[in-house]
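# Secondary and tertiary structure notes
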Amino acid sequence: MTEPQRHIPVMLGQVIEAMSVKKGGVYVDATFGFGGYTSAMLDKADCKVIAIDRDAEVLGRARELKAKYGARFEFKPGRFSNLKDLVAQRVDGVVFDIGVSSMQLDDAERGFSFLHEAKLDMRMSQTGRSAYDVVNGASEETLADILYRFGEEKKYLQIAPRILVRRAQKPIETTT
Ligand SMILES: C[S@@+](CC[C@H](N)C(=O)[O-])C[C@H]1O[C@@H](n2cnc3c(N)ncnc32)[C@H](O)[C@@H]1O
């Protein structure tokens, strides 16, 4: 694995202001990543932050923040769609910084970026179906739908059938 770089969160100031972090408050960072929002909230006031992320790669960073902030910080591995189960208590605010982190994009082995030659992967949690499985196994209709809805790709109707032609010759294995 290449050395992960820290993620610099955009709109940090605006987000922290919007969260109105106060002493004694409990806040959820639903997409912990490198913990930029979490640390900023914990530094802003004597509050507690419960952080969630589905990527096990962030555990090292979560341990660092646990060592620094103690009981004021709690990390829960999982998906924010399970927020209700992961965080049973009442909270004062929740922040979602949805997307991929710089660490995920910069680590070639995660297969998120066509800037690096790597095996197709793109799994946030590194479990389950990979981009390789989808690109080489999904129907033309599903591929077109993914390109259109998640990639906002205008040429989805041309690209999807060409993927089927190419993968019939040999599997499409890498990001580039
Ligand atoms: C843009 S980064 C967050 C960066 C973070 N604000 C920081 O300051 O470092 C998005 C994070 O959300 C995580 N993520 C993506 N989908 C998720 C999901 N469904 N549930 C929980 N975490 C998710 C990713 O693993 C990634 O670490």
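Residues numbered from 1 in each chain as written. Predicted model: local features only at pLDDT ≥ 70, side-chain atom pairs only at ≥ 80, totals over all residues.

### Re the sheet that holds strand β3 (residues 73-77)
Note the following rule: DSSP calls a pair of strands paired once it identifies at least 2 bridges connecting them. Elements are defined by DSSP. Helices are runs of H or I of four residues or more, strands are runs of E of two residues or more, and each kind is numbered from the N terminus. Working convention: axes come from line fits to C-alpha atoms, limited for helices to the stretch in contact. Angles between N-to-C directions cover 0 to 180 degrees. Any two residues are considered in contact once their C-beta atoms, placed from the backbone, lie within 7 Å.
Spatially, the four strands line up as an open sheet ordered β3-β2-β1-β4, and their pairing is parallel. Each having just a single partner strand, β3 and β4 (93-95) make up the two edges of the open sheet. Across this sheet, the average inter-strand angle for adjacent strands is 20°, counted without regard to direction. Relative to β3, strand β2 (residues 48-53) is paired through five bridges, and the arrangement is parallel. Note that in β3 the partner of I50 across the bridge is E74. Against the sheet, helix α3 (residues 59-69) touches β2 and β3, its axis set at about 160° to β3.

### With respect to the nonpolar core
Inclusion rule: Throughout this description, the term nonpolar core refers to a group of buried Ala, Val, Leu, Ile, Met, Phe, Trp, Tyr and Cys residues whose C-beta atoms join them within 7 Å. Working definition of burial: number of other C-beta atoms within 10 Å of the residue's own, with buried at 20 or more, exposed at 12 or fewer, and partly exposed in between, all C-beta atoms being placed from the backbone.
Core analysis: the largest hydrophobic core is formed by 18 residues, its most contacted members being Y27, F32, M41, V49, A51 and A62. In terms of residues, this core owes the most to one element, β2, which gives four residues.

### Notes on the site of the ligand
In plain terms, the rule: Placing the C-beta atom from the backbone, one calls a residue near a molecule or strand if that atom lies within 6 Å of it. The residue classification treats Ala, Val, Leu, Ile, Met, Phe, Trp, Tyr, Cys and Pro as nonpolar and Asp, Glu, Lys and Arg as charged. All others, Gly included, are polar.
Around the ligand, the structure places 20 residues, and the nearest of them are T31, G33, F34, G36 and D55. Elements with a minimum of two residues in the shell around the ligand: α2 (36-44) and β2. Each residue belonging to the shell around the ligand can be placed in one class, and the counts come to seven nonpolar, eight polar and five charged.

### Details of the pairing of strand β1 (residues 26-29)
Relative to β2, β1 runs parallel, the two sharing four bridges. Bridge pairing links Y27 to V49 in β2.

### Considering the environment of E117
Summarising the element assignment, E117 is placed in the loop between α5 (102-106) and α6 (131-137). On the neighbour-count criterion, E117 (10 C-beta atoms within 10 Å) is exposed. Sequence separation of E117 and T176 is 59 residues, and the distance between their C-alpha atoms is 5.6 Å.

### Remarks on the domain arrangement of the protein chain
Applied cut-off: Annotation comment: domain bounds sourced from an automatic or database domain assignment.
Along its sequence, the protein chain is carved into domain 1 (12-99) and domain 2 (107-169). The straight-line distance from the C-alpha centre of domain 1 to that of domain 2 is 31 Å.

### Points about unusual backbone geometry
Even without being a glycine, S20 presents a positive backbone phi close to 45°. Counting through the fold element by element, S20 comes out in the loop between α1 (12-19) and β1. On the basis of neighbour count, S20 is assigned to the exposed category, with 12 C-beta atoms found within 10 Å. One non-glycine residue, E152, adopts positive backbone phi at about 50°. Among the structural elements, E152 can be located in the loop between α7 (140-149) and α8 (156-169).

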